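# Topology and contacts: notes
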Amino acid sequence: MIPYTVNIKLAARTLTGTLNLQNKTAVDWGWQGLIAQGCHSSILIIDPKTSQTIQVLERHKANVVKVKWSRENYYHNLSSPYCLRLASGDASGKIIVWDVVSGTAHCEIQEHSKPIQDLEWLWNQDVSRDLLLAVHPPNYIVLWNGDTGTKLWKKSYAENILSFSFDPFDPSNMALLTSEGIVFITDFSHSKPPGSAGKKVYIASPHASPAHTKPAPTAAPPPTGAKKALNKVKVLITNEKPTAEAVTLNDCLQLSYLPSKRNHMLLLYPREILILDLELSQTVGVVAIERSGVPFIQVIPCAQRDALYCLHENGCITLRVCRSTAIITSFSFSDPEQSAQELVYDLRSQCDAIRVTKTVRPYRMVICPVNENSAALMVSDGRVMLWELKALTGRATANPSSGLSPLYSPVSFCGAPLAPNQKHIQNLSLNSMIGQTLIAGEAPLPSSNQQEVQLKFLLTGLLSGLPLPPFAIRMCPPLTTKNINHYQPMLAVGTSNGSVLVYNLTSGLLHKELSVHSCEVRGIEWVSLTSFLSFATSSPNNMGLVRNELQHVDMPTGRSFAFRGERGNDEPPIEMIKVSHLKQYLVVVFRDKPLELWDIRTGTLLREMAKNFPTVTALEWSPSHNLKSLKKKQMAAREAMARQTVSDAEQNSVESSVISLLQDAESKSETTQAISAREHFVFTDTDGQVYHITVEGNTVKDGARIPPDGSMGSIACIAWKGDTLVLGDVDGNLNFWDLKARLSRGIPTHRGWVKKIRFAPGKGNQKLLVMYTDGAEVWDTKEVQMVSSMRIGRNVNYRVLDIDWCTSDKVVLASDDGCIRVLEMAMKSASYRMDEQDLTDSVWCPYLLLPRAALTLKAFLLLQPWSGTFTMDITQVLFGDESDLHFWTVASHYLQSFAQARQLSVATVEGEIQSELAQQSPQNHLDICHDMLCESSYFQKFQLDRVHLQEVKRTSYEHTKKCADQLLLLGQTDRAVQLLLETSADNPSYYCDSLKACLVTTITSSGPSQSTIKLVATNMIANGKLAEGVQLLCLIDKAADACRYLQTYGEWNRAAWLAKVRLNPAESSDVLKRWAEHLCSPQVNQKSKAILVLLSLGCFYKVGEMLHSTRHFDSAALFIEACLKYGVMEDREKTAFLDYARLLRSLGLREGAALWASRAGTAGEQLLEELFKGEGGGHEVAIDNDEAKVTTDSL
């Protein structure tokens, strides 16, 4: 027979349960594609695609209150590999930065001992990816190096800081939500703390806002719902501190910048979401809930489209999409109320609510940052519900009178126009599902070009945790040579609601949930690998009697029956049940009633002990029995019978081996039924006397009695294995009996009541697990010494409720924090390596691979040798590469648009954006979330639309002044003059504004007036009045000079904005190129942003050079190849191809290296020779150049 081995090594793991209230905000969905969630002091790492927990991180001693994945906004190579890095903060003020794959702490940070309020990794500059900003209560923000744990700077503020939000468009801007209002910081830098205390503004609560509740005319019905709320929030942001009656300070739940458009912020209240325009400090939109509606808990704004994911108190997730202002304008004739323009967010989809109870409440929602079309809901009972947004084409069946305009699919994807039949693209991400929001002045395309889209939420995954403790746990019988072929490591968990959960510890997944009892399960004993007995006791009546339930459960069928039949009502509670080693007999021990002895195989009661039977305090079955000798006797008897019945003649004719086989089979079938082996058990009474009882068949014999040991108190538990018997008492003493040598040895542990003791499985394994009220210990009974120990308060912060062995070297502990932990014998709570996991479903996560393997896989997917094409966009989505995804989105759009311009024979000068092209396809433009990278014509329309909205919303002279200034810069002089003339006579600026209005209307382009105004403007700028000087220059069409002044004085963003809205393509290009140079400077170091700016200008040569000089060889080579394919670049020196070939060779991709070496021309010949040295005719192996096509739009 060939020897074989089975590796049943179980990984250490944690089965988690219900969440603590402090875990409420501890959840994050990273660009890496994984969800991190705090559960008590542990952190779960969840794969949302397969709904599996793939790692549990344990090191925190307090409840985890914040988790944040590091951003992937950098170029990945061997020195900066793909890695799973996570920061977590707990209630004791400790921050841990984790290497999630290995489960180890990278560094630990401690500043104060109060809960961390907020955490965020800085993503904005190209120098360091290790910077972590944290809010330490009550009022400190601290910047840490997350790699080394060193503090870079610390800044305190006057008020208590609740949370913060970074401006996604300008990393120097951030907002702090404080207990009294908002603090805006405009000088945030990683190199030094903010210099000023920031600009404080106070929030007047929407319900208590004092302004503009003018009485409605008697004829009109009183406003309701959203309109009423909008009236209330006309004035919201004030620089003066509001009175105590007018404001409720903690009413604002959340503050967040909108990543879909610049300078907008949302404030969340329980019944309203307010959209603020920060240039005006004014509410420009509101999402209000009707009186009967369900309040908000949280809102997440999307970046790809102007949309909001909202979580409500009933666990319902709703998606609201901003209504097109173009459509609002067209409706304004029929509804004059609607012409008071505002940002309206229409409800487009909602998922099912959950059943909310006292213990079950929705906590938080996270959305996938890569695709923005998946959401995960965390529920307080430990459930994680994974919802996916699906786009369905076809007309709406909803009521047309609802007033909702239809949503359309996008015109293009990654710059390439979409054909109507490309349905499979739709659900890739939010921006491939729904088209851009139209703005005023844009005409919608004919609906034949676009499909109408309905959005639906689909539940695609559900993770459920353990219910509330207490638990009773029991591991199934151990692995043996007989059950090796069908063994499954099952753990039965009895819960407080009467159900029994069976977990497979190989995968850590719930195998079965069996509703067995009507009250709390007190204990479980397995009677085979697939069936168990469990008992539960109801709460006692006034006589102290209970209803006992003892059920026999067959796991494969789920069949359950009452093992004791009709017995069980109004009797003393069951204390314990003990099954004999051969699973033949069962002892049921009661509190104030003699024990019962049952035959498990037949389900019959063998003996109910007499009333004078001693009270049992502890009981254990002996591992010794006479089954082997019985089998031998039975076999001998059968052989004798066979010899008598078979005659000599027949004996000769039939092979003796056949007879023996028959006899074997017969004897085996009968032994299982007929043989009743003799088994023994021992128990102790209240005096500590040990009794020995023998059971054989249906006979029960009383054996020897051993007098009590004087050194022991009342015996609480007994364990027996081989020749070793161990007794534990209520005083914490352990007594080890060596039955062979007839020796006993008492050890005082000084740990108090010994609750439970169990021997480890496995022949000769004499390890013993001991449970106390304050923890547990492992003892070696051979050496009679302690192996390991754990104690609450010393090395763990949870109390152990139940213990068992799950293999010969691993223990399983149930604890009062609602978790069940499988630990090594050392019992140190430790995370496990993710690559040791035995997962049911395979997980797609390149970050789990070794750095070289991850980069090889990426190169392989980019090259796609099986199809001869290159795909940039989908690979970045699969890898969650933030910087690459932004780069290729912008690159593919402008490559398409410049190539199209070239085909249309529009004269192109490098650095000009084609305004003609933009007019031809009004919707085929970059969305406004790309801000300054959009086409100028679209950017200008958006800014006009925005200033029109600001104009409608203005409520004070300050607002009017800002609107007039913006209109002057945008060249809307007529409207600006109207606003200037609105200034009232008692205003100090009345004279100034009147003169300004006269000046604007009388400006002529004559030489003398122009030179005077230019001189005045220059003097104003020199004397610190930059904004006024810029306005004057714009009045005389000297916006290019204005941009130069703005750049000189460091107002780079303002200069870029002005260039986009006022200058012709050539002048605008000069300003933006200077901005790109500034971004590349060492003190700014935002080369990645500079590359995007140059892309939008069509400076493709420069982009290729910059990518190459920053050693982004794969991006450089693929970008240049794409430019050549689209005909927007001449075939020049291609050293990038050679460097990419070398990179591929270092990764072991020889064919790919040969392809790119051959594309590098003469420079690549030497590399080709090295690649195919000794193979002869090496150049023929290289792929033909014509075979390789670059497609940024292929899937």
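The structure presented is a predicted model; accordingly, all values stated were derived computationally and were not measured. (Residues numbered from 1 in each chain as written. Predicted model: local features only at pLDDT ≥ 70, side-chain atom pairs only at ≥ 80, totals over all residues. Heavy atoms only, no water.)

### Focus: the overall build of the chain
Tallying secondary structure elements over the chain gives 27 helices and 62 strands in all. Split into buried and exposed, the 1195 residues of the chain put 56% on the buried side. Put simply, of all contacts in the chain between residues at least 6 apart along the chain, 55% involve residues at least 24 apart. A total of about 51,900 Å² of accessible surface is found on the chain, and carbon and sulfur atoms cover 52% of it. (Helix = DSSP H or I, 4+ residues; strand = E, 2+ residues; numbered from the N terminus. Buried < 20%, exposed > 50% of the residue type's maximum accessible area, 1.4 Å probe, protein only. Contact = heavy atoms within 4.5 Å. Areas by Shrake-Rupley, 256 points an atom, 1.4 Å probe, with all protein chains shown as cover.)

### Concerning the packing of helix 12 (residues 936-953) against helix 13 (residues 957-969)
Contact pair helix 12 / helix 13: the axes reach a minimum separation of 9 Å and the direction vectors enclose 160°. Classified by the angle their axes make, helix 12 and helix 13 are roughly antiparallel. In terms of crossing hand, the pair formed by helix 12 and helix 13 is left-handed. Facing helix 12, whose interface residues are Val947, Gln950 and Glu951, helix 13 presents Cys963, Gln966 and Leu967. Classifying every residue of the contact of helix 12 with helix 13 gives three nonpolar, two polar and one charged. (Axes fitted to C-alpha atoms, helices over the stretch in contact; angles between N-to-C directions. Parallel < 35°, antiparallel > 145°, perpendicular 65-115°, else oblique. Left-handed = near helix turned anticlockwise from the far one by under 90°. Nonpolar A, V, L, I, M, F, W, Y, C, P; charged D, E, K, R; others polar.)

### Points about the packing of helix 14 (residues 973-980) against helix 15 (residues 990-1002)
Closest axis-to-axis distance for the helix 14/helix 15 pair is 9 Å, and the angle between their directions is 160°. By the angle between their axes, helix 14 is roughly antiparallel relative to helix 15. As for how helix 14 packs across helix 15, the hand of that crossing is left-handed. Residues Thr973, Val977 and Leu980 of helix 14 touch helix 15, and the partners they reach there are Asp993, Lys996, Ala997, Val1000 and Thr1001.

### Some words on helix 20 (residues 1065-1080)
Because each turn of an α-helix spans 3.6 residues, side chains separated by three or four positions end up pointing in the same direction. Over its 16 residues, helix 20 runs 22 Å from end to end, which matches the ideal 22 Å to within 8%, given 1.5 Å per residue. Of the surrounding secondary structure, the elements contacted by the buried residues of helix 20 are helix 12, helix 18 (1039-1048), helix 19 (1052-1062) and helix 21 (1087-1097). (Expected span 1.5 Å × (residues − 1).)

### Brief notes about the nonpolar core
Of all hydrophobic cores here, the largest spans 127 residues; its most connected members are Ile45, Leu86, Phe887, Leu1058, Phe1100, Phe1119 and Trp1156. Filtering out sequence-adjacent residues up to four positions away, Phe1119 remains in contact with Phe887, Trp888, Ala891, Leu895, Leu1095, Phe1100, Val1103, Gly1104 and Leu1107. (Core = buried A, V, L, I, M, F, W, Y, C linked by side-chain atoms within 4.5 Å.)

### A look at the environment of Ala901
Structurally, Ala901 can be placed in helix 10 (residues 882-903). In the structure, Ala901 is positioned 227 residues away from Val1128 in sequence and 9.9 Å away in space, judged by C-alpha atoms.

### A word on the environment of Thr983
By the secondary structure assignment, Thr983 is in the loop between helix 14 and helix 15. Between the C-alpha atoms of Thr983 and Ser994, which are eleven residues apart in sequence, the distance is 8.0 Å. Apart from residues lying up to four places away in sequence, Thr983 is in contact with Tyr957, Ser989, Tyr990 and Asp993. A distance of 2.9 Å separates the side chain of Thr983 from the side chain of Asp993, its partner in a polar contact. (Polar contact = N/O pair within 3.5 Å; in protein donor to acceptor, adjacent residues only side chain to side chain.)

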